[in-house]
Each structure stands twice: as C-alpha cells, then as structure tokens.
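# Descriptive structure summary
Residues per chain, in single letters:
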Amino acid sequence: MDVLGGNHRHEAPWKRMSKEELDNQYSPSRWVIRLGAEEAMRTYSQIGSEVTKRARATGRSLLDVPYGEGEGEKLDIYLPEAVSEAMPFLVFFHGGYWQSGSKDTSAFMVSPLTAQGVAVVVVAYDIAPKGTLDQMVDQVTQSIVFVQKRYPGNQGIYLCGHSAGAQLAAMMLLANWIKHGVTPNLKGFFLLSGVYDLEPIMHTSENAPLLPTLRCAEEGGKPPLQSSTMWTTLKSSGI
C-alpha cells in the first residue's frame, strides 16, 4: 500500500512508496556502506569535534557570541590572520534533520577558508523539539542580520548549509530584510544535500519531533514554510 492511499498517475513518486521504503529513502545514514549507520554517525561527530577543537585553538576565534536573546542563539566567529573591514564571510548552518547537530562540531571548513582570508561564522539554532521550523528560520535570519550589522564593510556574505541547514539557508531567499532594517550583502549560496520539499518527511519516523510544525498548508499540501515557493525561487536563481 502506498503512503497516502490510491495510485494516481501523476502523483509524486514518493506518494507511491510504503512507509518503510519512505523511511529508508529519508534516512541517509542507512546508505553508508563502508561503516554502517551508527558507526558513520559516530565517526562524523568525532571528526567534527576534533577539527572544531583545532580551529578554536588558533586563538583567532570569538565563541558563543549572542546574536539574539535566546539561550540557543549563539554563533562562533573564526577570523583570518589578516583581519580587515572588507573581509568576505562564509556563514554555515549545520544539518541534522532539524533535530540534531551542533555548531560545536561543525567548524571543519575553518582552516582552509581562513587561510585564504575568509572569515567563517558557524551558527547555532534551537533544534527540535525545543525549536520549531518557523523559529529556526527566524533565528537564521537574525544571525545574518547580526553579521551584517557587526561587519557592515564586509566584502560579501556567502551562506552555506548542509542537509537541514541547506534548507534553512535557502529560506533566506524569501526573507523580508526590510523589516529587519538592514539588507545583508549576500553574494552566494552553497547548499549541500538540502531537503527542500518537506511534505514527504511528514510521513516518516523523522517527523515525530517536528510534528507540531509540519502541518500541511492548504495549497498543494505544503507545510507553512512555503516550500513550493522556495523551490521555484531556487530554480529561478539557478541554484
């Protein structure tokens, strides 16, 4: 039996999958052949923790800088050796299906980028179940506003996100910067393995912590994060 029942000719392929197959397709760790799911997650976390410790040991970092009033609204800033007002910035948002991951294991890109004169900002946000998807989008928006206001002479802000972090970064294409009183100097997006259509996740076990915030909107059965609009924007932007 397919997830939603029925077998419509023009429906999305995921709607014809069983819940078990959908769970399998939306669990990336299950597809790691060399190590297995659990060992892959442990290895990924261990490597992330080690490279983050090394990046922080350079002494050119500002850690746990508050970008908002919430306890989870912190970011780390890693500066190149030659600091200037006109530095380019890469702002990174970690993945973890909006319910795991941390900035404290996500500084893997710091050393090669700061060596080239790029400042790196790694952002924390309130993951589920504490944080809702709408709240996460707001926090990511606030973090970018903070960077722009703190470094107004920047040479460009480049957003990078992995998995759930890529979805959150992509949502910045829809942000209303006017209400924040600043327009960030966004120059580019690096979206890695992003999940942009959130509706299928509603029918997987990954949805449990997100359930309160993944209510379908009336239009197209999409959640209230305007994923259909976002996907159109991504395609029109050539991303």
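All values reported here derive from a predicted model rather than from experimental measurement. Counting of residues starts from 1 at the beginning of each chain's written sequence and follows it residue by residue. A pLDDT threshold of at least 70 governs which residues receive local features in this predicted model, and a stricter bar of 80 or more applies before side-chain atom pairs are shown or counted, although totals over entire chains, interfaces and linings include all residues. Hydrogens and waters are ignored; side-chain quantities use all the structure's heavy atoms.

## Considering the layout of surface pockets
Put simply, the grid is 1 Å and covers the protein atoms alone, a cavity is a trapped set of points that fit a 1.4 Å probe, a pocket is an open set with protein on both sides within 12 Å along at least five of seven lines, and lining residues have an atom within 4 Å of a point. Grid points are joined across faces, edges and corners, and a volume is the space filled by probe spheres set on the points. Roughly 880 Å³ of internal volume is contained in the largest pocket. Together, 33 residues line the largest pocket, and Pro 28, Met 41, Gly 96, His 162 and Ser 163 are the ones closest to its centre. Per the convention used, a helix needs a DSSP run of H or I reaching at least four residues, while a strand needs a run of E reaching at least two, with both numbered from the N terminus. Take the lining of the largest pocket: its biggest share by element is 6 residues, from helix 2 (residues 37–56). The class makeup of the residues in the lining of the largest pocket is 14 nonpolar, 17 polar and 2 charged. Gly is placed with the polar residues, together with every amino acid not listed as nonpolar (Ala, Val, Leu, Ile, Met, Phe, Trp, Tyr, Cys and Pro) or charged (Asp, Glu, Lys and Arg).

## Side note on the packing of aromatic side chains
Paired rings are identified among Phe, Tyr and Trp, the last through its six-membered ring, by centres lying within 6.5 Å, and are further divided according to the angle between planes into stacked (under 30 degrees), edge-to-face (over 60) and tilted (the rest). Under the definition given, this model contains 4 aromatic pairs. Ring plane angle 40° and centroid distance 6.4 Å describe the contact between Tyr 158 and Phe 190, whose orientation is recorded as tilted. Taken together, the residues Tyr 158 in strand 5 (residues 156–162) and Phe 190 in strand 6 (residues 186–192) connect sequence positions 32 residues apart.

## Here we look at the pairing of strand 2 (residues 74–78)
For a regular strand, side-chain orientation follows a simple rule: the groups alternate between the two sheet faces. Under the scheme applied here, a residue whose accessible area is under 20% of the maximum for its type counts as buried, over 50% as exposed, and between as partly exposed, the area being computed with a 1.4 Å probe on protein chains only. The buried count for strand 2 comes to 4 of 5 residues, which makes it a mostly enclosed element. The criterion for strand pairing is that DSSP finds at least two bridges linking the strands in question. Relative to strand 4 (residues 119–123), strand 2 is paired through 4 bridges, and the arrangement is antiparallel. Directly across from Ile 77, in strand 4, lies its bridge partner Val 121.

The analysis is restricted to geometry; functional conclusions fall outside its scope.
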